[in-house]
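Spelled out from the first residue to the last, the chains are:
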Amino acid sequence: MSDDLSVSVDGHVGVLEFRRPPNNHFDLALLRDLADAAAELEGARGCRAIVLCSEGRHFCAGVDFGGEGVGPDPAATLEAVYAQGLRLFSLAVPVVAAVQGAAVGGGLGVACAADFRVAAPSTRFHANFGALGIHQGFGLSASLPRIVGAQGAAEMLYTARRVGGERALALGLADRLVEDGAVREAAVAFAHEIAAGAPLAVRSMRETLRAGYTDEVRAAMEREIAEQTRLLATEDAAAGIAASLARTAPVFTGR
């Protein structure tokens with residue numbers, strides 16, 4: 001386990017914390033550590049719920065396109081990354097994400113892999129893929145419509161508009177809205193509410209409610225990988241990513 005991930009246990013609640021502030025970008029190594037730690041926690045007899053949280057200003061900004069990005073072989077990188085993401089969707093215990101600051105791109109995907117999201121008024125959920133010139137990823141093709149409905153998902157994806165905490169609560173993207181600075185504490189408290197229930201019953205109910213969901217996410221990820229790989233080779237993706245790094249408005253040509 002690297003220093004970029006902290007694992008702790010609070011009673012019957014496991015807490016997993018990204019430690020790559022301020023933006024908490026992920027890569028394959030960090031996601032593998034996260035999935036491994038989550039699997040160990042769910043296998044522990046005393047763990048009944050898990051909290052995903054992050055150190056610093058933002059929850060997670062996804063892949064760092066200012067660094068290595070997806071590397072020289074995007075298809076292979078994305079396949080490996082999403083395999084670890086699928087493990088998060090496949091967990092047997094409920095997961096609560098404490099989303100402070102921004103959850104962007106793949107970071108939004110991580111948040112949506114959880115059962116619940118706790119946010120604050122200043123939280124921003126951002127499906128920025130269209131602004132980058134690429135297809136959505138990390139299973140959002142399946143998870144986002146499931147959470148906010150088909151229309152809400154289409155609007156978030158097509159416009160790449162940032163969704164604040166209050167709007168997220170109205171959409172169902174945030175399950176609880178608390179004061180800024182209180183997100184993690186509230187997420188842990190929420191997880192303890194879940195953990196107070198009969199653990200076998202909670203796991204059974206969750207399995208029923210999510211029946212077939214992992215298969216749906218897996219199929220969605222297969223298309224996401226193919227489309228992201230194709231679109232990353234376009235001029236629009238190059239322009240979108242460059243504009244994002246420069247914090248300017250992209251100009252797309254459809255090439």
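> Looking at this structure, how should I read the side chain of Q84?
Relative to the helices and strands, Q84 is located in helix α2 (residues 74-89). Apart from the residues within four sequence positions on either side, Q84 is in contact with L28, L31, R32 and A35.

> Any chance you could explain the side chain of S143 here in plain terms?
Take S143: it is sitting in helix α5 (residues 140-159). Setting aside its immediate chain neighbours within four residues, S143 contacts F89, C112 and Y213.

> How should I be thinking about the nonpolar core in this particular structure?
Grouped burial of nonpolar side chains is what soluble globular proteins tend to show. Among the nonpolar cores identified, the biggest contains 62 residues, and L16, I50, F125, F138, L144 and L173 are the most heavily contacted of them. Element by element, the count of residues in this core is highest for α5, at 8 residues. In this view, L16 contacts L5, S6, V7, L34, A37, A38, L41, I50, V51, L52 and C53; residues no more than four positions away in its chain are not counted. The next biggest cluster of nonpolar side chains, apart from the first, holds 18 residues, and it includes C53, V96, A186 and F190.

> Please explain the packing of aromatic side chains as it appears in this structure.
Centre-to-centre distance and the angle between the planes together describe a pair of aromatic rings. Overall, the coordinates contain 4 aromatic pairs when judged by the stated rule. Seen from their ring centres, F26 and F138 are 5.7 Å apart, and the 50° between their planes marks the pair as tilted. Taken together, the residues span a long stretch of sequence, with F26 in the loop between β2 (13-18) and α1 (28-43) and F138 in the loop between α4 (129-132) and α5 at a distance of 112 residues. Each of the two residues, F26 as well as F138, counts as buried. Relative to F190, the ring of F116 has its centre 4.9 Å away and its plane inclined at 45°; by these criteria the two rings are tilted. Taken as a pair, F116 in strand β6 (residues 116-119) and F190 in helix α7 (residues 183-195) lie far apart in primary sequence, 74 residues in all. Exposure remark for F116: the relative accessible area of 26% places this residue in the partly exposed category. Here a set of aromatic residues connected by ring pairs shows up, and it is made of F26, Y82 and F138. The side chain of R146 reaches across the aromatic face of Y213, ending 4.0 Å from its centre.

> Can you help me understand the sheet that holds strand β4 (residues 95-99) in this one?
One key point about sheets: their strands pair by backbone hydrogen bonds, in either a parallel or an antiparallel sense. Reading across from one edge, β1-β2-β3-β4-β6-β9 is the order of the 6 strands in this open sheet, with mixed pairing throughout. Since the sheet does not close on itself, it has two edges, and those belong to β1 (5-10) and β9 (176-177), each with one partner. Sheet topology note: the β2/strand β3 (residues 49-54) ladder contains 6 bridges and is parallel. Considered in β3, the bridge of V13 is made with A49.

> Looking at this structure, how should I read the pattern of salt bridges?
Side chains that differ in sign of charge can pair as their charged atoms come close. Taken as a whole and judged by the stated rule, the model has 14 salt bridges. Note that E227 is salt-bridged to R223, the shortest N-O span being 3.9 Å. Separated by 4 residues within a single helix, E227 and R223 lie in helix α9 (residues 213-232), roughly one turn from each other. Residue class for E227 comes out buried when judged on its relative accessible area of 13%. Assessed through its relative accessible area of 52%, R223 is described here as exposed. Via salt bridges that share partners, D4, R20 and D27 belong to a single interconnected network.

> Mind showing me how you'd approach the sheet that holds strand β8 (residues 162-164) here?
An order of β5-β7-β8 is seen for the 3 strands of this open sheet, with the pairing classed as mixed. Pairing within the sheet leaves two strands with one partner each, and these edge strands are β5 (102-104) and β8. Ignoring strand direction, the axes of neighbouring strands in this sheet form an average angle of 15°. Two elements, β5 and strand β7 (residues 124-126), share 3 bridges in a ladder whose sense is parallel.

The rules behind the values
Residues numbered from 1 in each chain as written. Predicted model: local features only at pLDDT ≥ 70, side-chain atom pairs only at ≥ 80, totals over all residues. Heavy atoms only, no water. Helix = DSSP H or I, 4+ residues; strand = E, 2+ residues; numbered from the N terminus. Contact = heavy atoms within 4.5 Å. Core = buried A, V, L, I, M, F, W, Y, C linked by side-chain atoms within 4.5 Å. Buried < 20%, exposed > 50% of the residue type's maximum accessible area, 1.4 Å probe, protein only. Phe/Tyr/Trp six-rings, centres within 6.5 Å; stacked < 30°, edge-to-face > 60°. Lys NZ or Arg CZ within 6 Å of the ring centre and 35° of its normal. Pairing = 2+ DSSP bridges. Salt bridge = Lys/Arg side-chain N within 4 Å of Asp/Glu carboxyl O. Axes fitted to C-alpha atoms, helices over the stretch in contact; angles between N-to-C directions.

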